Amino acid sequence: MNDLQGKKILIGVTGGIAAYKAVEVVSRLKKSGAEVKVVMTRAATEFVTPRTFQEISKNPVSVEMFSETFNYNVEHIALANWADVVLIAPATANFLAKAAHGIADDLLTTIILATPAPLIIAPAMNSLMLEHPATQSNIEILKQRGAKFIDSETGLLACGVTGKGRLAEPINICEEIEKFFTSKILAGKKILVTAGGTSEPLDPVRFISNRSSGKMGYEIAKAAQMHGAEVILISGNATVEPPKVSKFVKVETAEQMREKVLDEFETVDAVIMSAAVSDYRVKSVSPQKIKKDEDNLTIELVKNPDILKELGRIRKDQILVGFAAETVNVIHYAKNKIAEKNLDFIVANNVTKEGAGFSVDTNIVTIIDREDEIENLPKMSKAEVAEKIILRVAERL
Ligand code: CTP
């Protein structure tokens, strides 16, 4: 079972007797291929030692907000950004109260405030505490904010009474996590993705193009399809095989790409323009092969239409996502492009950084949205970047 291959799961363990069951949750998630990091509250360490989680997760376990041996520069922010999903198991009544009201008095509750990742909570406590109106209202607040709950089960509780409040079985918790990652959050949505590099002919045998491999766009199309969307992939040149999508359209030039994109635009819910569109084309394409008669050859280029800018002008309620491949002043240029092209968000990268940009399988991107929020992502695989982008699109839809 490798259903969770490469998924990054942060598990918050709070202080209840059921903390020991979280050990099995970590072990099962690891076996499914996930990367797991554990953050414990101080109370949780009364039940299970950090070392146990460290051995099982094969990662350092964090407890203290201000520990001497920081694993990261600003640990709570690094962990908050690292996670694809945050699971709290077991979640005590105290944790629910703090999370519902934004109290951040330890590492775990601080991460909860700082993370853009979805939150999944598996409560465990005495049944009277669970049924208490205060706890129920805290659960309601968290649900309204988008947290997903894995209901506790009924049975004999540690306090000796029988009732609701037992932590869900580890196997059920892991199933919910798998469901979360394979959930069809884009079901019924139509997403247009452009990928690869356009090429502009000079003559019947030559063209001008760029170094785009198509990998980033293909991963985005794949992720959108996996999440249940109907995906139209319009692609220029690429060095890899296209993924299986609802509709695949191959184009060469920027003008062809524009035409195909405009054909689909009215009926789609979102457009992700990851294609490297040639900014210029040859003014007059030679009908015959250009001979090497001259010592110097000057070719006049004219500007291509800016497809994304045009979409930004005519958009109705479609979500628009752009890319900004830069070599300097990344954030500044990317922000300008959001305004200029009327985008919801932009995925910017410095293509000169090692491990970012064209051809490689990884990318280092910053996502900036129209509300000016900036998320710096560490170096990750293009598949992981694609997942982040798709989850954001789903959120906006
Ligand atoms: N784009 C487009 N049509 C073009 C050029 C770019 O739709 N003719 C899209 C790209 O797919 C990308 C975004 O616009 O999503 C930004 O492209 P980029 O080339 O980085 O920026 P430009 O706007 O072309 O500006 P510059 O080249 O000056 O940086």
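You'll find the structure just up there.
Residues numbered from 1 in each chain as written. Predicted model: local features only at pLDDT ≥ 70, side-chain atom pairs only at ≥ 80, totals over all residues. Heavy atoms only, no water.

1. Description of the packing of aromatic side chains
All told, the structure shown has one aromatic pair when counted by the stated rule. Pairing Phe 180 with Phe 181 gives two aromatic rings, centres 5.0 Å apart and planes at 75 degrees, and the pair type is edge-to-face. Note on Phe 180: relative accessible area 17%, which makes it buried. Here the basic side chain of Arg 392 rests over the ring of Phe 345, its NZ or CZ set 5.8 Å away from the ring centre. (Phe/Tyr/Trp six-rings, centres within 6.5 Å; stacked < 30°, edge-to-face > 60°. Buried < 20%, exposed > 50% of the residue type's maximum accessible area, 1.4 Å probe, protein only. Lys NZ or Arg CZ within 6 Å of the ring centre and 35° of its normal.)

2. With respect to the pattern of salt bridges
This structure, assessed with the given rule, holds 28 salt bridges. Across the pair Glu 326 and Lys 337 runs a salt bridge whose closest N-O atoms are separated by 2.5 Å. With Glu 326 in strand β16 (residues 319-326) and Lys 337 in helix α12 (residues 330-341), this residue pair connects regions lying 11 residues apart in the sequence. Where salt bridges share partners, they join Arg 315, Asp 344, Asp 369, Glu 371, Glu 375, Arg 392 and Arg 396 into one cluster. (Salt bridge = Lys/Arg side-chain N within 4 Å of Asp/Glu carboxyl O. Helix = DSSP H or I, 4+ residues; strand = E, 2+ residues; numbered from the N terminus.)

3. Concerning the sheet that holds strand β1 (residues 8-13)
In spatial order, the strands read β2-β1-β3-β4-β5; together these five strands make up an open sheet with parallel pairing. On the outer flanks of this sheet lie β2 (35-40) and β5 (148-149), each paired with one strand and no other. Sheet topology note: the strand β3 (residues 85-91)/strand β4 (residues 119-123) ladder contains four bridges and is parallel. Note that in β4 the partner of Ala 91 across the bridge is Pro 123. On top of the sheet, helix α4 (residues 93-100) reaches β3, β4 and β5; it is set at about 140 degrees to β3, its chief contact. (Pairing = 2+ DSSP bridges. Contact = heavy atoms within 4.5 Å. Axes fitted to C-alpha atoms, helices over the stretch in contact; angles between N-to-C directions.)

4. Some remarks on a nonpolar patch on the surface
There is a patch of nonpolar side chains on the surface, built from Ile 208, Tyr 280, Leu 297, Ile 299 and Leu 301 and spanning about 420 Å² of accessible area. Examined against the element boundaries, Ile 299 turns out to sit in the loop between β14 (280-282) and β15 (301-303). (Patch = residues over 30% accessible without salt bridge, like charges linked within 9 Å, V, L, I, M, F, W, Y side chains within 5 Å. Areas by Shrake-Rupley, 256 points an atom, 1.4 Å probe, with all protein chains shown as cover.)

5. Describing the packing of helix α3 (residues 75-82) against helix α5 (residues 107-114)
Across the interface, α3 lies against α5 with an axial gap of 9 Å and an inter-helix angle of 55 degrees. If you check the angle between α3 and α5, you find them oblique. The handedness of the crossing between α3 and α5 is right-handed. Along its contact with α3, which presents Glu 75, His 76, Ile 77, Leu 79 and Ala 80, the element α5 presents Leu 107, Thr 110, Ile 111 and Ala 114. (Parallel < 35°, antiparallel > 145°, perpendicular 65-115°, else oblique. Left-handed = near helix turned anticlockwise from the far one by under 90°.)

6. Side note on the site of the ligand
Neighbouring the ligand are 14 residues, the closest being Met 273, Ala 275, Phe 323, Lys 337 and Lys 341. One of the backbone nitrogen or oxygen atoms of Pro 305 is found 3.0 Å away from a nitrogen atom of the ligand. Within the backbone of Leu 308, one N or O atom sits 2.8 Å away from an oxygen atom of the ligand. When the free accessible area of the ligand is taken as 570 Å², the share hidden by the protein chains comes to 77%. (Near = heavy atom within 4 Å. Polar contact = N/O pair within 3.5 Å; in protein donor to acceptor, adjacent residues only side chain to side chain.)

7. Looking at the sheet that holds strand β8 (residues 190-195)
On the basis of which strands lie adjacent, the open sheet formed by eight strands has the order β12-β11-β8-β13-β16-β17-β19-β20 and mixed pairing. What marks the edges here is a single partner per strand, and that holds for β12 (247-250) and β20 (374-376). Within the sheet, the average angular offset between the axes of one strand and its neighbour, ignoring direction, is 15 degrees. Two strands pair when backbone bridges link them, and strand β11 (residues 230-235) and β12 are joined in this way by four bridges, in the parallel orientation. Each residue of the ladder has a partner; that of Leu 233, found in β12, is Phe 248. Across the sheet, helix α10 (residues 254-265) lies against β8, β11, β12, β13 (270-273) and β16, angled at about 175 degrees from β8, the strand it touches most. Packing of helix α11 (residues 307-314) onto the sheet brings it into contact with β13 and β16, and relative to β16 it is tilted by some 150 degrees.

Without other data, these values stay purely geometric and don't point to any function.
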